[in-house]
Amino acid sequence: MNQCIGLLYFTIINLMSMSNKIYINGRFLTQKLSGVQRHAFELSKHLSEIDKNKIILLVPSRSVIRTEYYYKFNILSFGINTGHLWEQIDLPFFLLNKKKAILINFTNSSPVIFKNKISTIHDLSVIENKDWFSFTYRFFYKNFIPLFLKTSKRIFTDSYFSKNQLIKRYKLKSELIDVIYCASSIKKNKFIKDEKSEKFILFVGGSSKRKNLKNLVKAFTSIDTRIKLKIVGKFTDNINSDYILENDRIEFLNSVSNDLLEYLYTNAIMLVFPSFYEGFGLPPLEAMSCGCPVVASNIPVLKEVYDDSILYFDPYNIDSIKDTITKVLYDKKLRKIMIEKGLEKTEKYSWENSANKIFNLITNKI
């Protein structure tokens, strides 16, 4: 095993007694912890807590497991390949001689030739708009998503919006698709609001065109205020430097630690979430758990997940974004109401409940 495994605990597994195990495609443990990987990590962790002996994560032996995945998983490593090759070759061949082995895949991909599996498709953003992703990325998923779906016993997705998209595009049976909601990984009340901190508005999500950062920046710079806009996420060339790098009211923070992100959520006046498309939209839930009001796009999935706990705007309309931000910015009483509704909404979602739903589905239906 690799030496860079932090607090992960590796158990030696008796290969002769694996027929009743639940396997999880653990390739995500070798990837940087971001949205999709966090989803996989949290569900794997909570499934393990339901039945530690039954849950086994499978990983490529030639890859390094990243130290940010702090949990004592049962892990089995094997294979001569890494990445997609390990997933499509080593992983299915390892499972073929395991009687009744069920494999859960949480990260938009799964081994095509192994059919006793559950695949997760978080959303269809890669299909929705060709300008949001690179040609290579889009080509891969456009051709492989139908194969993942066709060769899976069940499908997990993040919302009823995404479920309906899958049914409509791929003519799938509704009863084969299960909605497994996301949750916030942030512990409530970890930080106390710092009344002396500078006042700022927060954006979390990176600069992918799908995240609509450009329209947010245009709206923000038209507001007459000295309050800053802090941008958290991976930066690309999609945003013209004139809007960000040359404006002293905009601070780009790139990727930040979990502690700093939680501090920002706790102290922000509001989170602005202007995405054109989401499968769930996790940052608003994280913000709410820290007592941060949220204004966001009036897209169907956000209305499904957040209902009346946030204020909505038209993400294509600069004035709509501006007016909604301004309304919350200058109305302290409104912000208080939004904070209360947001904290109440966070009670609806938990990784524990989602993991229990998965475990029960596997136990009773597969």
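Residues numbered from 1 in each chain as written. Predicted model: local features only at pLDDT ≥ 70, side-chain atom pairs only at ≥ 80, totals over all residues. Heavy atoms only, no water.

Just to check I follow, could you spell out the overall build of the protein for this structure?
Helix and strand content of the protein: 13 helices and 13 strands. Residue burial in the protein is summarised as follows: out of 366 residues, 54% are buried. Sequence-distant contacts, at least 24 apart, represent 65% of the contacts inside the protein between residues at least 6 apart. Counting only carbon and sulfur atoms, one obtains 51% of the accessible surface of the protein, whose full area is about 17400 Å². (Helix = DSSP H or I, 4+ residues; strand = E, 2+ residues; numbered from the N terminus. Buried < 20%, exposed > 50% of the residue type's maximum accessible area, 1.4 Å probe, protein only. Contact = heavy atoms within 4.5 Å. Areas by Shrake-Rupley, 256 points an atom, 1.4 Å probe, with all protein chains shown as cover.)

What is the right way to look at a nonpolar patch on the surface in this model?
The grouping of Leu85, Ile89, Phe93, Leu96 and Ile113 at the surface amounts to a nonpolar patch, some 490 Å² of accessible area in total. Counting through the fold element by element, Ile89 comes out in helix H2 (residues 83–96). (Patch = residues over 30% accessible without salt bridge, like charges linked within 9 Å, V, L, I, M, F, W, Y side chains within 5 Å. Salt bridge = Lys/Arg side-chain N within 4 Å of Asp/Glu carboxyl O.)

Explain the layout of surface pockets here, please?
Taken as a whole, the second largest pocket spans an internal volume of roughly 290 Å³. If you trace the second largest pocket, you find 14 residues lining it, with Lys193, Lys199, Ile269, Lys332 and Arg335 closest to the centre. In terms of residue count, helix H12 (residues 332–346) provides more of the lining of the second largest pocket than any other element does, four residues in total. A per-class count over the lining of the second largest pocket returns four nonpolar, three polar and seven charged. (1 Å grid on protein atoms, 1.4 Å probe; cavity = no way out; pocket = protein on both sides within 12 Å on 5 of 7 lines; lining within 4 Å. Points joined across faces, edges and corners; volume = space filled by probe spheres on them. Nonpolar A, V, L, I, M, F, W, Y, C, P; charged D, E, K, R; others polar.)

Where do I start with the sheet that holds strand S7 (residues 177–179) in this structure?
The strands making up a sheet associate through backbone hydrogen bonding, with each pair oriented either parallel or antiparallel. If you walk across this open sheet you meet the seven strands as S3-S2-S1-S4-S5-S6-S7, and the pairing is parallel. Each end of this open sheet is capped by a strand with a single partner; those strands are strand S3 (75–78) and S7. Averaged over all pairs of adjacent strands, the angle between strand axes in this sheet comes to 25°, irrespective of strand direction. Here strand S2 (residues 55–60) pairs with S3 via four bridges, running parallel. Each bridged residue has a counterpart across the sheet, and for Leu57 the counterpart in S3 is Ile75. Of the strands in this sheet, strand S1 (22–25), S2, strand S4 (102–105) and strand S5 (117–120) touch helix H1 (residues 35–50), which is tilted by about 140° from S2. (Pairing = 2+ DSSP bridges. Axes fitted to C-alpha atoms, helices over the stretch in contact; angles between N-to-C directions.)

How do you make sense of the pattern of salt bridges when you look at a structure like this?
When the charged atoms of two side chains lie near each other, side chains of opposite charge can form a pair. Counted under the stated rule, the structure contains eleven salt bridges. Residue Arg154 pairs with Asp178 through a salt bridge whose shortest N-O separation is 2.6 Å. Of this pair, Arg154 sits in strand S6 (residues 154–157) while Asp178 sits in strand S7, and the two are 24 residues apart along the sequence. A salt bridge links Lys230 to Glu251, with the nearest nitrogen and oxygen atoms 3.3 Å apart. Taken as a pair, Lys230 in strand S9 (residues 228–232) and Glu251 in strand S10 (residues 250–254) lie far apart in primary sequence, 21 residues in all. On the basis of relative accessible area, Glu251 is assigned to the partly exposed category, the value being 23%. Among the charged side chains, a network of salt bridges with common partners joins Glu198, Lys228, Lys230 and Glu251.

I keep staring at the side chain of Lys230 and nothing clicks. Help me out?
Residue classification places Lys230 among the buried residues on the basis of a relative accessible area of 8%. Looking at Lys230, its side chain comes within polar contact range of the side chain of Glu251, at 3.3 Å. Excluding its chain neighbours within four sequence positions, the residues that come into contact with Lys230 are Glu198, Phe200, Ile201, Leu202, Phe203, Glu251, Leu253 and Leu264. (Polar contact = N/O pair within 3.5 Å; in protein donor to acceptor, adjacent residues only side chain to side chain.)

Can you walk me through the pairing of S2 in this structure?
For a regular strand, the rule is simple: side chains alternate between the two faces of the sheet. Among the six residues of S2, six are classified as buried, and the element is accordingly described as predominantly covered. The alternating pattern of S2 places Ile55, Leu57 and Val59 and Ile56, Leu58 and Pro60 on opposite faces, both of which are buried. Bridging between S1 and S2 involves four bridges; their strand directions are parallel. Bridged to Asn25 within S2 is Leu58. In terms of handedness, the path from S1 via H1 over to S2 forms a crossover that is right-handed. (Right-handed = clockwise from strand over helix to strand, strands pointing away.)

On their own, these measurements won't tell you what the molecule is for.
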